Amino acid sequence: MATISFDDEELFSERPDWADVVPLEQYENISPLAPIFYTEEYKDATNYFRAIAKSGEKSRRVLELTESVIRQNPAHYSAWQYRYETLLALLTASSPSGVISPSDPLLVAEIELMDILAVRFLKTYQVWHHRRLLVALTRKPQRELQFITRSLDADVKNYHTWSYRQWLLAYFGGSVDSTGDEDVSEDLWEGELDFVDTMLAQDVRNNSAWHHRFFVVWGCGVREGERDRERVFKRELTFVKQNISLAPSNPSAWNYLRGILKHTSTPFASVLPFVRPYAVVPSSSESAQRDIVDLENPPPGEGAELPCAEALEFLADAYEIQGGADGVKSAVEIWTSLANKYDPIRKKYWEHRIRDAHQALKKANA
Amino acid sequence: MTLRPVPIDGFSTPTSRTQAETEAVLLEHIPTPDPSTGEPTPKAALDKKLHMQFLVRNLVQGFPTRYTSQDASQPWLMFWTVQAFSVLQVGLDPGNKQRIIDKIMTWQHPDGGFGGGPGQAAHLLPTYASVCSLAIVGRPGPGGGWDQIDREKMYRFFMSLKQKDGSFLVAHHSEVDVRGIYCLLIVATLLDLLTPELLEGTASFIASCQTYEGGFSSASHPSYSLSGSLLESPRPPLGEAHGGYTFCALASWVLLQPYLASSSRKPEEATASIDVKNLLRWLVHMQGVEIELGGFKGRTNKLVDGCYSWWCGGAFALLEALGVGGIQNADSDEVPIDSGTGEGVWDDVDDGLYNRNALQEYILYAGQHPAGGLRDKPPKNADAYHTLYCLSGLSSAQHHVFPSKLRRSQLEAAWEASESLEEDLKKRSFTEFLSWTEEEGGSHIVGGNENRLNATHPLTNMTITHTEGLMTHFYKQTIPAKPIKAKPASTS
Ligand SMILES: [Zn+2]
């Protein structure tokens, strides 16, 4: 299928091969409020699209028409939906058995077109969803991973791109293989941790990459080589600690730390030796101690601006969980300092935590 | 006010660089106190007239060509516009209302639901925007829109989108995401379409979208056993915690509570739960610091943006329905706690759990475009979407709208029983939905009363009057007049 160039495009209303279709205007009997000022080309293509959608025609030329609509407005979900239905009809018709072949040239051409359109219209839901539908037909997820990595270059926190990657891994590489499909394999996951490492090395504050890490390591089942969960936990703990030490005021990293502790039911108190140095104003003697290398507990880096609010919050949470009058007292002290000095924008929240903790203490003592 | 930049720890990355650029831009919009009076300069004034002109221009003259990208969101363009009028306390004349109704009715799909424009496929998002726009401009009777909504077909359309994991596609052959579920639940609640078969399993789907950060993602991915039954895990969220999805998921969760408490609920659904504490933590951390003027961001380590004033700021009201925040949820016998600044915490417990004043300042100082309309952040253009969500966010920061137990019992007392099989579900949904009440005297309006906006219903983002009008019509109920003063009573 030829990719159409729109530079010298004729209107559908001027084309003899469309002469049999009567275009359908959008608003026929009313003059609508809040109209959009469309271009002639857009009005023309959508007038023909409405006519085709009404007649139910599902032929080759519909692919051309919907492509024209989509290129002018990639969020036109009805054009995407109709395009998909047309494609299915054509693919089924071209296969003698009625079973769609993953290598059908029509399907291959469609994927290639999507490679172009996805990068161009990165922010629309539909380009990514259409891709899902196609890959579910081709069952070739491997090339998608490379495609995603490339398209993240253009927009490194694109929500659709990341969730597409996660869908792909979950759909084709789940540890429960319910489809019995031979293409489904754990190889798909092989490079995933390295990929996250690379993304976080580029920007340790990229929260999408941290979320992906959680998805890969904890969220989506357990794969070969990762069955020793104790070892995996230690590896992740070391990883997140090191990244906190690089740039302590990074909520993404602290959220990951909290996330893995909760997920594994590990007490917050177990990492207090690591957290404490981040929650204080360093004295000169402490900075001298930096020469002592403690791999378990990497200290704040040279440029760290301390105390770090995230560390203070973590400490207070740990003290609150520890409980008792002493625990609550220590937590309240920290919350008070957050409310008044280190994080005053969230004063109301810190005060809420203070009230809550006192309330819980009172209940426990009652 | 300290204007400390967000710490970089001497470690610059692309995220910290765009953050620093944004801080530099916002710094130019932070008011300075007048040396003689101490008043902030410029004044924190909402230029209602200018925004009205922007909205009227869009409505009467139309939208420029770049809005072609929203040709499949025509109901949204309409909803953002007419609801912005409502928030600004402006009504439309009957002639324009009729023209809007006529336009909306061309979007109804012959097989149920509404599409993004005439001849477009039905889709949950434009269905919400169409029905809510009709709530604002429509009326009962011929030509009024309300009675021309095909409810039976709409219900069938909803059911045709339902998936085995309790989720819904947003349209046929389309994606699953929590925005669609929010839209469906709002419409189904407003139009009296709730049934156990529609709602079964949806609560646990919503719960599965909560991420380790506490906020919610767009969707989750189900796993099935070989026999085809849904497994509890893995059910990973797809995408990180996000303000827009979090609002939709939390609102859906609140909307599902009447069902979960009703006699229709399936026994296995008793265990569905979300981590409210972690959600609250995530939400408060979405508020930017002083140098960001206290605007909200939509994800961790992203930039503040005016529309999250509603998606994140507006979510705090919803938490009150789950027992978090608001004076009605506090224990009255507790000892006031002083965090050291001299003011007792107890006195302003009803101010909410985030910094409402700072958020109002963000919208007033950074959110308004000098040529009218509101925006993400300077120096961006205004658009219809940001205009509404900045205004709704501002309104939500001004007023305290809470689920009133008193109002609810009044509604229960006035409930007229129907012959419906789902009487319990119906009654619970109706009375809980309309129990949301604006606290009299509970408003804090930065910049003075000239900046006052109408309060909106935290679930629908319509005014409470419009919400009541549509709902009483479809439930065939009459509701008692509001008590003169709604003051939230604290428990115990
Ligand atoms: Zn925005």
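Fair warning: this is a prediction, and the values are worked out from it, not measured in the lab. (Residues numbered from 1 in each chain as written. Chains lettered and ligands numbered in written order. Predicted model: local features only at pLDDT ≥ 70, side-chain atom pairs only at ≥ 80, totals over all residues. Heavy atoms only, no water.)

Would you take a moment to explain the overall build of chain B for this structure?
In terms of regular secondary structure, chain B is built from 18 helices and six strands. Computed over the C-alpha atoms, the radius of gyration of chain B is 22 Å, within 12% of the 23 Å expected from 2.2 N^0.38 for a compact globule of 492 residues. Seen along its three principal axes, the alpha-carbon backbone of chain B occupies a region of about 70 × 55 × 50 Å. Taking the intrachain contacts of chain B between residues at least 6 apart in sequence as the baseline, contacts between residues at least 24 apart amount to 73%. For chain B, the exposed surface amounts to about 17400 Å²; the carbon and sulfur share of it is 54%. Placing the 40 positive and 54 negative side-chain charges of chain B at their respective mean positions leaves the two points 5 Å apart. (Helix = DSSP H or I, 4+ residues; strand = E, 2+ residues; numbered from the N terminus. Rg over C-alpha atoms; globule rule 2.2 N^0.38 Å. Contact = heavy atoms within 4.5 Å. Areas by Shrake-Rupley, 256 points an atom, 1.4 Å probe, with all protein chains shown as cover. Lys, Arg positive; Asp, Glu negative; His and termini not counted. Charge placed at Lys NZ, Arg CZ, Asp CG, Glu CD.)

Sorry if this is basic, but what is going on with the overall build of chain A here?
Each helix and strand in chain A was counted, giving 16 helices and zero strands. Taking 2.2 N^0.38 as the reference for a compact globule, 366 residues should give roughly 21 Å; the C-alpha atoms of chain A span a radius of gyration of 28 Å, well beyond that estimate. With the C-alpha coordinates of chain A rotated into their principal frame, the extents come out at 85 × 55 × 45 Å. Every one of the 366 residues in chain A was classed for burial, and the buried ones make up 55%. Here chain A holds 41 positive side-chain charges and 54 negative ones, and the gap between their average locations is 7 Å. (Buried < 20%, exposed > 50% of the residue type's maximum accessible area, 1.4 Å probe, protein only.)

Which parts of the structure should I look at to understand the interface of chain A and chain B?
In this complex, chain A contributes 88 residues to the contact, which on the side of chain B involves 102 residues. Of the roughly 8000 Å² buried where chain A meets chain B, counting both sides, 54% is carbon and sulfur surface. Three residues, L33, Y159 and I345 of chain A, lead the burial of chain A against chain B; their summed loss comes to 11% of the area buried on that side. On the surface where chain A and chain B come into contact, there are four salt bridges. Here E305 of chain A ties to R4 of chain B by a salt bridge, and the two come within 3.9 Å at their closest N and O atoms. Along the contact surface separating chain A from chain B lie 54 residue pairs in polar contact (both at pLDDT 80 or more). Across the side of chain A that touches chain B, the residue classes tally to 36 nonpolar, 31 polar and 21 charged. (Buried area = accessible area lost by both parts, 1.4 Å probe. Salt bridge = Lys/Arg side-chain N within 4 Å of Asp/Glu carboxyl O. Polar contact = N/O pair within 3.5 Å; in protein donor to acceptor, adjacent residues only side chain to side chain. Nonpolar A, V, L, I, M, F, W, Y, C, P; charged D, E, K, R; others polar.)

Got a minute to help me understand the confidence of the model for chain A in this structure?
All names here are of chain A. Of the residues in chain A, 92% have a pLDDT of 70 or more, and the chain-wide mean is 91. This stretch, residues 1-5, has a pLDDT under 50; its non-local contacts, to residues over four places away or in other chains, come to 12 contacts. Note that pLDDT drops below 50 for residues 175-183; the model gives that stretch 12 contacts with residues more than four away or on any other chain. (pLDDT = per-residue confidence, 0-100.)

How should I be thinking about helix α10 (residues 229-246) of chain A in this particular structure?
For an α-helix the count is 3.6 residues per turn, leaving residues at separations of three or four pointing the same way. All names here are of chain A. In this model, α10 (18 residues) spans 26 Å end to end at C-alpha, consistent with the 26 Å of a helix rising 1.5 Å per residue. Buried within α10 are the following residues: V232, F233, E236, L237, F239, V240, K241, N243, I244 and S245. Looking at the packing, one finds that the buried side of α10 touches α8 (192-202), α9 (207-219), α11 (251-263) and α12 (272-275). (Expected span 1.5 Å × (residues − 1).)

I keep staring at the coordination of the zinc ion and nothing clicks. Help me out?
When a metal carries six donors in an octahedron, the ideal angles between them are 90 or 180 degrees, while four donors in a tetrahedron ideally lie at 109.5 degrees. Residues and elements named next belong to chain B. Protein coordination at the zinc ion: the donors are D305 (OD), D305 (OD), C307 (SG) and H386 (NE2), at 2.1 to 2.5 Å from the metal. Around the zinc ion, the four donor atoms are arranged such that angles at the metal cover 57 to 125°; this shape is classified as irregular. Linear spacing of the donor residues for the zinc ion on their chain is D-x1-C-x78-H. Its relative accessible area of 11% is what places D305 among the buried residues. (Donors = N, O, S within 2.8 Å, 3.2 Å for Na, K, Ca; no water. Tetrahedral: all angles 85-135°; square planar, octahedral: opposite > 155°, others 65-115°.)

Is there a simple way to explain the packing of α8 of chain A against α9 of chain A in this structure?
To characterise two packed helices, one gives the angle between the axes of the helices and the distance between these axes. Residue and element names in this part refer to chain A. Two elements in contact, α8 and α9, have axes separated by 9 Å at closest approach and are oriented at 160°. Taken together, the axes of α8 and α9 lie roughly antiparallel to each other. Considering the relative orientation of α8 and α9, their crossing is left-handed. In this structure, α8 contributes E192, L193, F195, V196, D197, M199 and L200 to the contact, and α9 contributes A209, W210, H212, R213, V216 and V217. Taken together, the residues that form the contact of α8 with α9 break down as nine nonpolar, one polar and three charged. (Axes fitted to C-alpha atoms, helices over the stretch in contact; angles between N-to-C directions. Parallel < 35°, antiparallel > 145°, perpendicular 65-115°, else oblique. Left-handed = near helix turned anticlockwise from the far one by under 90°.)

It is not clear to me how the nonpolar core should be interpreted in this structure. Could you clarify?
Side chains of a nonpolar character, in soluble globular proteins, are inclined to be buried together. Counting residues in hydrophobic clusters, the biggest one holds 249 residues, and the most contacted among them are F79, Y128 and F158 of chain B. Ranked by residues supplied to this core, first place goes to helix α10 (residues 243-261) of chain B with 12 residues. Counting residues domain by domain, this core receives three or more from each of domain 1 (1-140) and domain 2 (147-175 + 185-214) of chain A. In this structure F158 of chain B touches L124, T127, F168, L184, V187, A188, L193 and L198 of chain B, once residues within four positions along its chain are discounted. (Core = buried A, V, L, I, M, F, W, Y, C linked by side-chain atoms within 4.5 Å. Domains from an automatic or database assignment.)

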